[in-house]
Amino acid sequence: MRKHIYIAYTGGTIGMRKLQYGYAPERGYLEQQMATMPELHDATIPAYTIHEYDELLDSANMMPAHWTLIAEDIERNYQDYDGFIVLHGTDTMAYTASALAFMLQHLAKPVILTGSQIPLCEVRNDARENIITALMIAADYPVPEVCLFFGSKLLRGCRAVKVSATGLEAFDSPNFPPLGIAGVNISIKHHLVLPTPTPPDVKLSIGKIGDHVVAALRIFPGISGKMIENILHPPLKGLVLEAYGVGNGPEQNTGFIKALKDATDRGVVIVDTTQCLYGTVAIQEYATGSALAEAGVISGYDMTAEAALTKLFYLFSRGYASEQVKQLMQQNLRGEMTN
Ligand code: ASP
C-alpha cells in the first residue's frame with residue numbers, strides 16, 4: 001500500500017515568495033508549487049497531505065507555544081499517517097527539533113524536520129531535494145525518532161545545530177554521527193537509531209511545553225557578577241550556562257560565582273554546557289570548572305545548548321521540582337547526551 005505522509009508547514013524560507021519588500025511566506029503558495037512538480041507524482045514518492053498553519057512564521061518568531069501546537073498537530077494525526085514532515089525555517093529548526101524530541105513521548109514513527117536555504121520558487125534551490133528525500137525517508141525507512149534532514153544528512157533532532165548561515169549543508173550534529181546519509185543511495189545507520197518503543201501498545205503521548213522562565217547565557221571575558229545576578233533573578237527557574245572549553249568559567253570573579261551559588265541555593269537549575277561545537281563538559285577537570293560545580297552548577301555533558309534549553313522547558317513543564325529536574329537533566333532521555 002502506498003504510504004501517506006503528513007506535512008506540517010509552519011513557514012520558513014522553503015515556501016517563501018519574492019515580494020516587493022523581500023522574501024515572505026504566502027498562503028497556499030508552497031502547496032501550489034509542489035502540486036506542479038512532476039517528480040512528486042512519481043510512484044516512488046508517498047502520498048502526502050499538507051497542512052498549512054494559519055500563521056506561517058519566519059522561524060525567528062517561533063515561541064515555545066508553537067512547539068506545543070506542532071506536537072499537538074502530530075498527536076491528532078498520528079494514527080492516520082505513516083510518517084510526519086515538519087517544514088520549518090532554518091533559524092530555529094534545531095530548537096524545535098529538540099523540543100519535539102522531548103515532547104513526543106513513545107514516538108514510533110518518523111518525524112522529520114526540514115526546510116531550505118533557498119526558496120522552492122527559485123530555479124536553483126535546495127528545497128526540492130530536501131522535500132523529496134525527507135518524503136522518501138519518512139515513508140520507507142523505520143526511524144522512530146525526531147530527525148532533521150538537510151543537504152545530505154539525516155540527523156538526530158536533539159543533537160542538531162545550525163552550523164552555516166548560507167551553506168546548503170546548514171546543519172550538523174557534532175557530537176553524534178548522522179543517522180543517515182543521502183548520497184547516490186539513502187543509507188541509514190540502523191544501529192544508531194533509537195529502538196521502537198516496546199511493548200507495541202505503548203501509545204504516543206505528548207508532554208506539552210508551557211510558560212516557564214528559563215534562559216541561556218553565553219559567558220564572555222568581562223562578564224560581571226551584577227549581569228549574571230540580574231539574569232538569575234526570580235522568576236527564572238533554569239539557566240543554560242554556555243561556558244568555556246570543558247565547562248569552565250571565571251572562578252576568580254567572586255561576584256559571578258556568588259551569584260551562581262545564591263541562585264542554585266534558591267533552587268534555580270543551572271546547566272553547564274560548552275561554547276565549543278565538539279566535545280563534552282568535564283566539570284571537575286579544572287579549578288575553573290570545579291568552582292562552578294561547588295556553586296551548584298550541574299554538568300550538561302555534550303548536550304547542545306538547544307537541547308539543554310528545550311529539556312529544561314520540558315522538565316519544568318512536567319511539574320518536576322528543582323531536584324528532580326537536576327537529576328533528569330543529567331540523564332539521557334532521547335539520545336541527546338552521552339554521559
Ligand atoms: N529566517 C528564515 C527562517 O528561519 C530562514 C530560513 O528558513 O532559512 O524562517
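Refer to the structure above for everything that follows.
We now turn to the structure provided with this report. Since the structure is predicted, the reported quantities are computational estimates derived from the model, not experimental observations. (Residues numbered from 1 in each chain as written. Predicted model: local features only at pLDDT ≥ 70, side-chain atom pairs only at ≥ 80, totals over all residues. Heavy atoms only, no water.)

Surrounding the ligand, one finds Gly12, Thr13, Asp58, Ser59, Gly89, Thr90, Asp91, Ser116 and Gln117. In the model, an oxygen atom of the ligand is placed 2.5 Å from a nitrogen or oxygen of the threonine 90 side chain. The separation between an oxygen atom of the ligand and a polar main-chain atom of serine 116 is 3.2 Å. Burial of the ligand by the protein amounts to 90% of the accessible area it has alone, namely 270 Å². For the shell around the ligand, the per-class residue count stands at no nonpolar, seven polar and two charged. (Near = heavy atom within 4 Å. Polar contact = N/O pair within 3.5 Å; in protein donor to acceptor, adjacent residues only side chain to side chain. Areas by Shrake-Rupley, 256 points an atom, 1.4 Å probe, with all protein chains shown as cover. Nonpolar A, V, L, I, M, F, W, Y, C, P; charged D, E, K, R; others polar.)

What follows concerns empty space enclosed by the protein. One pass over the structure, following the stated rule, counts one cavity of 30 Å³ or more. Taken as a whole, the largest cavity holds about 30 Å³ of empty space. If you trace the largest cavity, you find it lined by Arg159, Ser173, Pro174, Asn175, Asp302, Met303, Thr304 and Glu336. Class assignment of the residues belonging to the lining of the largest cavity gives a composition of two nonpolar, three polar and three charged. (1 Å grid on protein atoms, 1.4 Å probe; cavity = no way out; pocket = protein on both sides within 12 Å on 5 of 7 lines; lining within 4 Å. Points joined across faces, edges and corners; volume = space filled by probe spheres on them.)

On to the sheet that holds strand 18 (residues 298-299). Spatial ordering of the open sheet is given by 15-16-17-18, a layout of four strands whose pairing is parallel. With one partner strand each, in any of the chains shown, strand 15 (214-218) and strand 18 form the two edges of the open sheet. Taken together, the five bridges between strand 15 and strand 16 (residues 238-243) define a ladder with parallel strand orientation. Along strand 16, the bridge assignment pairs alanine 215 with leucine 239. (Pairing = 2+ DSSP bridges. Helix = DSSP H or I, 4+ residues; strand = E, 2+ residues; numbered from the N terminus.)

With that settled, the discussion passes to unusual backbone geometry. The omega torsion of the bond from proline 234 to proline 235 falls at 10°, within 30 degrees of zero and hence cis. Mapped onto the fold, proline 235 is located in the loop between helix 5 (225-232) and strand 16. Even without glycine at this site, histidine 106 takes up a positive phi of about 65°. Inspection of the secondary structure puts histidine 106 in the loop between strand 6 (104-105) and strand 7 (111-114). Judged by relative accessible area, which is 41%, histidine 106 ranks as partly exposed. Even without glycine at this site, tyrosine 301 takes up a positive phi of about 50°. Checked against the element boundaries, tyrosine 301 lands in the loop between strand 18 and helix 8 (305-317). (Buried < 20%, exposed > 50% of the residue type's maximum accessible area, 1.4 Å probe, protein only.)

Keep in mind these values describe shape, not function.
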